[in-house]
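Residue-level listing of the chains:
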Amino acid sequence: MTAIDPDEDPLELETEEFREIYAVDPEVADLVHAAVLAGHPERPALADAVVDSLVAGHDMHEDEAPIVEVLDACLRLMPLDAVVEHLRGLQRNTLADLLEATPAEAGRWLHEGGWAVHDDAGTEVAFMFARRDGGRAWVQLFDGAL
């Protein structure tokens, strides 16, 4: 049994409140995952992204932001593996290589929530974050990256 009221909508929890509950009761992540999935059954990866963002991205969201705002931000995220595969299909191998190499090269920033990815010209082309214990990485490509 989780530490939140069963009548409470988990998506209305504030980010900071989620983190406090998660520290003592990780099952709250399952409730959030289920709530996101119920609202977006066509996008199962979105539920993973929201939970990963809440768990890994302690500085990516305002403490007072309700999880529903985190969900809105996560709508633009895509699983890294799928993005790399898509880019390779478009013959955008340089960008695919850059994104694929970034998690290993930028691991020291993982604890800060995420990192910006820049091309050789110094242009920011994407934002990424990963959840170390989840084994998943997420990316948002910026305009012009494709």
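Residues numbered from 1 in each chain as written. Predicted model: local features only at pLDDT ≥ 70, side-chain atom pairs only at ≥ 80, totals over all residues. Heavy atoms only, no water.

1. Here's the deal with the overall build of the chain
Stated formally: Strands are runs of DSSP state E lasting at least two residues, helices are runs of H or I lasting at least four, and both sets are numbered from the N terminus onward. Relative accessibility under 20% of the residue-type maximum defines a buried residue, over 50% an exposed one, and the middle range a partly exposed one, all with a 1.4 Å probe and only protein chains included. Computed with a 1.4 Å probe, the accessible areas rest on the Shrake-Rupley method; for each residue, only the protein chains presented here act as cover.
What the chain contains, in helices and strands, is 6 helices and 4 strands. For the chain, the α and β elements follow one another from N to C terminus as α-α-α-α-β-α-α-β-β-β. Looking at the chain residue by residue over its 146 residues, the buried ones come to 40%. Carbon and sulfur atoms provide 51% of the accessible area of the chain, an area that totals close to 8000 Å².

2. Topic: the confidence of the model for the chain
Definition in use: The pLDDT value tells you how sure the predictor is about a given residue, anywhere from 0 up to 100. Residue contacts follow a heavy-atom distance rule, with two residues in contact if any of their heavy atoms lie within 4.5 Å.
Looking at the chain as a whole, the pLDDT averages 84, with 84% of positions reaching at least 70. A low-confidence stretch, residues 107–111 (pLDDT under 50), is modelled with 9 contacts involving residues beyond four sequence positions or located in other chains.

3. Topic: helix H4 (residues 67–74)
The test is simple: In this context, the arc is that of the directions from the helix axis out to the C-beta atoms.
Buried within H4 are the following residues: Ile 67, Val 70, Leu 71 and Cys 74. Projected onto a plane normal to the axis of H4, the buried residues spread over an arc of 105 degrees and lie on a single side. Looking at the buried side of H4, the elements it contacts are helix H1 (15–24), helix H2 (27–39) and helix H3 (44–56).

4. Section: the pattern of salt bridges
Threshold: Within this document, salt bridges are pairs made up of a side-chain nitrogen of Lys or Arg and a carboxyl oxygen of Asp or Glu, the two lying within 4 Å of each other.
One pass over the full model with this rule turns up 4 salt bridges. The partner of Asp 52 in a salt bridge is Arg 136, and the shortest N-O contact between them spans 2.8 Å. Within this pair, whereas Asp 52 is found in helix H3, its partner Arg 136 is found in strand S4 (residues 136–141), the two being separated by 84 residues in sequence. The buried category is assigned to Asp 52, whose relative accessible area is 0%. Measuring nitrogen to oxygen at the nearest pair gives 2.6 Å for the salt bridge that ties Arg 88 to Asp 97. For Arg 88, a relative accessible area of 26% corresponds to the partly exposed category.

5. Points about the pairing of strand S2 (residues 115–118)
Operational definition: Pairing between two strands is assigned when DSSP locates at least 2 bridges connecting them.
Burial along S2 is one-sided: Trp 115 and Val 117 are buried, and none of Ala 116 and His 118, which face the opposite way, are. In this structure, S2 lies alongside strand S3 (residues 124–131), joined through 4 bridges in antiparallel fashion. When the sheet's bridge partners are listed, Trp 115 is paired in S3 with Met 128. Once S2 ends, the chain turns through 5 residues before running back antiparallel as S3, passing Gly 122 with a positive phi of about 90 degrees.

6. Details of the nonpolar core
Here is the rule we go by: Side-chain atoms within 4.5 Å are what join buried Ala, Val, Leu, Ile, Met, Phe, Trp, Tyr and Cys residues into a set we call a nonpolar core.
By size, the foremost hydrophobic cluster in this structure holds 24 residues, and its most contacted members are Val 32, Val 36, Val 50 and Ile 67. Put simply, the parts of the chain that give this core at least two residues each are H1, H2, H3 and H4. Sorting elements by how many residues they give to this core places H3 first, with 7 residues. Excluding its chain neighbours within four sequence positions, the residues that come into contact with Val 32 are Pro 10, Leu 11, Phe 18, Val 50, Val 51, Leu 54 and Ile 67. If you look at the next biggest cluster of nonpolar residues, it comprises 16 residues, including Leu 87, Val 117, Val 139 and Leu 141.

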